[in-house]
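# Coordinate inspection notes
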Amino acid sequence: MRVIESLKLLALLALPVLTLGSGFQECPFLGPDFLAPTNLATSSSFQTALSTLKTKIEAGLNTGVLLPNSTSFSVELFSIHDDKPLFEFHHAAPNLLSNGTKTINGDSIYRIASISKLFTVYLWLINAGDVQFHDPITKFVPELARASHLYSENEAADFVDWNSVTISELASQMSGIGRDYFSDLLTLLPINTLPQLGFPPMNTSDAVLCRNFNCGRDQFFKFLTAHHPVFPTATTPVYSNIAFQILGYALEGITKKSFASLLKSSLATPLHMGSTFSSPPNDTSHAVLPGTSVSWDLDYQDFTPAGGLYSTAHDLTALGRSILSSALISPPLTRRWMKPLAHSARTSFSLGAPWEIWRFTLPPPSQPRIIDIYTKAGDTGPYHSVLALVPDLGIGFSVLIADGVGAVSDARSTLGAWVNDAFVPAGEAAAREEATVKFAGEYKSKNKALNSSLTVTTSPLHNGLGISSFISNNTDMFAVGALLLGVPTANVSIRLYPTTLSNSKMGYGSAVKQVTWRAVFEDAGNTADEGFFGCGTWVQADAYMYGNIAVDEILFTLGSDGKAVSAEARTLRATLDKV
């Protein structure tokens, strides 16, 4: 009786997961609910989704939705577990210039605009890590250190507090500084027309101006230090191209190398990205030139870290794979990098450094679950692009667009949405299929007198692995869970989610891998609205222990074929072999 009363006391101390109204909804950890799929090229559900995507793109061309006579594009999908792209679709519009390519493939070169910002931050992490991310930019750029004296609290609306602007804030659009230096109406419109638009008369000599991308470093900083801040630093995201030109200067100062040489030595050479350039390539035979080459030939010079790079679908696949697999930086650094640093005014969109993070909700019949898609988009002239990475599934894609003159399309958004809608749910389905093969089934103790067993299941209607039966030494662990939650046994739901933590050791006659999952105990009869903590699984992990091992920790041992051969609820100190 004392044991039962103690368990009831623990239940009072617990933080039960409260779910959304209108029916029970599972509350998973943020992150993957299965291990990332490794065989997408042979997954029937995934290949069916790709076939549907191809049909949809072809229909978009046939119906004119994608402006096939003026818009050229490349779409490429990839996985960290496949050497070749999972899917490619390329379209060459008939208006392409003859001094470029007339046939588009994965090696065709586009301007990638602001995807360059992703390269800049990646180069910083490769060469300097993130230890200086919270240091002020004045530590690295002497012009801003000298200008920092201009700021005072009495003139905070007129001068940037450069000593408070950090590397991280510049990289994540949280610096509060201006957007561009080449968008002054004095340089964009005939000066005699501006008074007709309501502006007071002004001469170009009356302002500090930069024209196009030919603004040298000295003139750039004269403009920048005279330009008003938009917001105080770390207040709200405001897009700034200028921030990445500053980061480029800082990176060059730290490494004592030019941005172009860093691009080559740190990314292009090790990743075999032979068609990625920091200035207009001399050979245009692979260039996608949509009716005009004016924007193609423009060298962005010091603005290149913000938007001046050229690349291909294949090269962006190499870049994306290297990020997802931590090929050039450590896994902990990758995990820190691929996290939001700020929110936007929409719950479905957050920002990182320089990630533009779309929070994708899996459609029915799946239980509601967020899959974060880390993207970087870019636009310059007729070129529009996006690179998207899905860490939960180890997959990604790129869309590269070249619009014809006077025929601006929405092809990037259209194609990106089509890819998302097909690619992400299909990747989730493939991960579940592999989990079914590797983990689902019955596990039992070899000691029949012990009467311990575990049954693991999967279902497209549920997140993660499910436990349908759990007996330990003749005790129903669902009943124990009911006591901890303070609910009827029939209402207890137990689901498992991967931690991606693993061991490698000898066992079962050879070297084996062990992977840990964490169990989530929920009240499936609870239809109340969420409480203060929202989806509260993150609060409950590792909540109860027995002998210094958490009650929710499950260890699977995998055989040489990657399939589970045993399972262990580690707090119970008993290994159950798969039947």
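Structure first, text after, so check above.
Residues numbered from 1 in each chain as written. Predicted model: local features only at pLDDT ≥ 70, side-chain atom pairs only at ≥ 80, totals over all residues. Heavy atoms only, no water.

## Notes on the packing of aromatic side chains
What describes a pair of aromatic rings is the distance from one ring centre to the other and the angle between the planes of the rings. For the coordinates displayed, the defined rule picks out 24 aromatic pairs. When the centroid spacing of 5.9 Å and the interplanar angle of 55° are considered together, the rings of Tyr300 and Phe303 count as tilted. When its relative accessible area of 4% is taken as the criterion, Tyr300 is described as buried. Judged by relative accessible area, which is 5%, Phe303 ranks as buried. A network of ring pairs unites the aromatic residues Tyr181, Phe182, Phe220, Phe221, Phe223, Tyr249, Tyr300 and Phe303 as a single cluster. Here Arg111 stacks its cationic end above the ring of Tyr300, 4.2 Å away from the centre of that ring. (Phe/Tyr/Trp six-rings, centres within 6.5 Å; stacked < 30°, edge-to-face > 60°. Buried < 20%, exposed > 50% of the residue type's maximum accessible area, 1.4 Å probe, protein only. Lys NZ or Arg CZ within 6 Å of the ring centre and 35° of its normal.)

## Considerations on the nonpolar core
Nonpolar side chains in soluble globular proteins tend to end up buried together. Formed by 79 residues in total, the largest nonpolar core has its most connected members in Phe119, Ile137, Trp162, Ile246, Leu319 and Trp337. Broken down by element, the residue count for this core peaks at nine residues, all from helix α3 (residues 115-128). The contact partners of Ile246, leaving out residues within four places of it in the chain, are Ile137, Val141, Leu144, Trp162, Leu170, Ile177, Phe220 and Leu224. Counting residues in each nonpolar core, the second largest holds 64 residues, with Val390, Val399, Val456 and Val492 among its members. (Core = buried A, V, L, I, M, F, W, Y, C linked by side-chain atoms within 4.5 Å. Helix = DSSP H or I, 4+ residues; strand = E, 2+ residues; numbered from the N terminus. Contact = heavy atoms within 4.5 Å.)

## Quick word on the environment of Gly466
By secondary structure assignment, the location of Gly466 is in strand β13 (residues 465-472). The spacing of Gly466 and Ala407 is 59 residues in sequence and 51 Å in space, taken between C-alpha atoms. Excluding residues that lie within four positions of it along the chain, Gly466 makes contacts with Thr455, Val456, Thr457, Ile494 and Arg495.

## Quick notes on the environment of Asp421
Summarising the element assignment, Asp421 is placed in helix α14 (residues 411-439). Since its relative accessible area comes to 48%, Asp421 is described here as partly exposed. Each C-alpha atom, one on Asp421 and one on Ala49, is 9.3 Å from the other, the two residues being 372 residues apart in sequence.

## Side note on the pairing of strand β21 (residues 574-578)
Where strand β11 (residues 441-444) meets β21, two bridges bridge the pair, whose relative direction is antiparallel. What sits directly across from Lys444, in β21, is Asp577. Pairing analysis gives four bridges linking strand β20 (residues 564-569) to β21, with the strands arranged antiparallel. Each bridged residue has a counterpart across the sheet, and for Ala567 the counterpart in β21 is Leu576. As consecutive antiparallel partners, β20 and β21 are separated by four residues, and within that stretch Arg573 has a phi angle of approximately 55°, a positive value. (Pairing = 2+ DSSP bridges.)

## Section: the packing of α3 against helix α8 (residues 242-255)
Between α3 and α8, whose axes approach to 10 Å, the crossing angle comes to 25°. One element, α3, and the other, α8, form an angle in the roughly parallel class. When the axes of α3 and α8 are compared, the crossing they make is left-handed. Where α3 abuts α8, its residues Lys117, Thr120, Val121, Leu123, Trp124 and Asn127 lie against Phe244, Leu247, Ala250, Leu251, Ile254 and Thr255. Of the residues contributing to the contact of α3 with α8, the split by class is eight nonpolar, three polar and one charged. (Axes fitted to C-alpha atoms, helices over the stretch in contact; angles between N-to-C directions. Parallel < 35°, antiparallel > 145°, perpendicular 65-115°, else oblique. Left-handed = near helix turned anticlockwise from the far one by under 90°. Nonpolar A, V, L, I, M, F, W, Y, C, P; charged D, E, K, R; others polar.)

## Description of a nonpolar patch on the surface
Together, Leu185, Leu188, Leu189, Leu197 and Phe199 give the surface a local cluster of nonpolar side chains, amounting to about 440 Å² of exposed area. Position of Leu185 among the secondary structure elements: in helix α6 (residues 185-188). By relative accessible area, which is 32% here, Leu185 ends up partly exposed. (Patch = residues over 30% accessible without salt bridge, like charges linked within 9 Å, V, L, I, M, F, W, Y side chains within 5 Å. Areas by Shrake-Rupley, 256 points an atom, 1.4 Å probe, with all protein chains shown as cover. Salt bridge = Lys/Arg side-chain N within 4 Å of Asp/Glu carboxyl O.)

## Some remarks on the side chain of Thr312
Examined against the element boundaries, Thr312 turns out to sit in the loop between β4 (309-311) and α12 (313-324). Polar contacts involving the side chain of Thr312 include one to the main-chain amide nitrogen of Asp315, which spans 2.9 Å. Aside from chain neighbours lying at most four places away, what touches Thr312 is Gly106, Asp107, Ser108, Ile109, Ser275 and Leu400. (Polar contact = N/O pair within 3.5 Å; in protein donor to acceptor, adjacent residues only side chain to side chain.)

## Overview of the side chain of Glu143
Tracing the backbone shows Glu143 in helix α4 (residues 142-147). The class for Glu143 is buried, based on a relative accessible area of 16%. One polar contact links Glu143 to Arg217, side chain to side chain, over a distance of 2.7 Å. Residues within four places of Glu143 in sequence aside, it is in contact with Arg217 and Phe221.

## Details of the pattern of salt bridges
When charged atoms on two side chains of opposite charge get close, those side chains can pair. Scanning the model with the defined rule gives 19 salt bridges in all. A salt bridge links Asp135 to Lys139; the nearest nitrogen and oxygen atoms lie 3.1 Å apart. Residue Lys139 is classed as exposed on the basis of its relative accessible area of 55%. Here Glu356 ties to Lys376 by a salt bridge, and the two come within 2.6 Å at their closest N and O atoms. Of this pair, Glu356 sits in strand β7 (residues 356-361) while Lys376 sits in strand β8 (residues 370-380), placing them 20 residues apart in sequence. Relative accessible area serves as the criterion here: at 13%, Glu356 is assigned to the buried category. What you see here is one network of salt bridges that share partners, running through Asp33, Arg369, Asp392, Glu428 and Arg432.

## Brief notes about the state of the cysteines
By the definition in use, this model includes one disulfide. The disulfide partner of Cys27 is Cys535, and the S-S distance across this bridge is 1.9 Å. Taking the sign of the S-S torsion, about 110° here, the bridge from Cys27 to Cys535 comes out right-handed. One end of the pair, Cys27, is in the loop between α1 (2-13) and α2 (44-62); the other, Cys535, is in the loop between β16 (510-523) and α16 (537-540), and 508 residues separate them in sequence. Residue Cys27 is classed as buried on the basis of its relative accessible area of 2%. Under the relative-accessibility criterion, Cys535 is labelled partly exposed at 28%. (Disulfide = S-S within 2.5 Å.)

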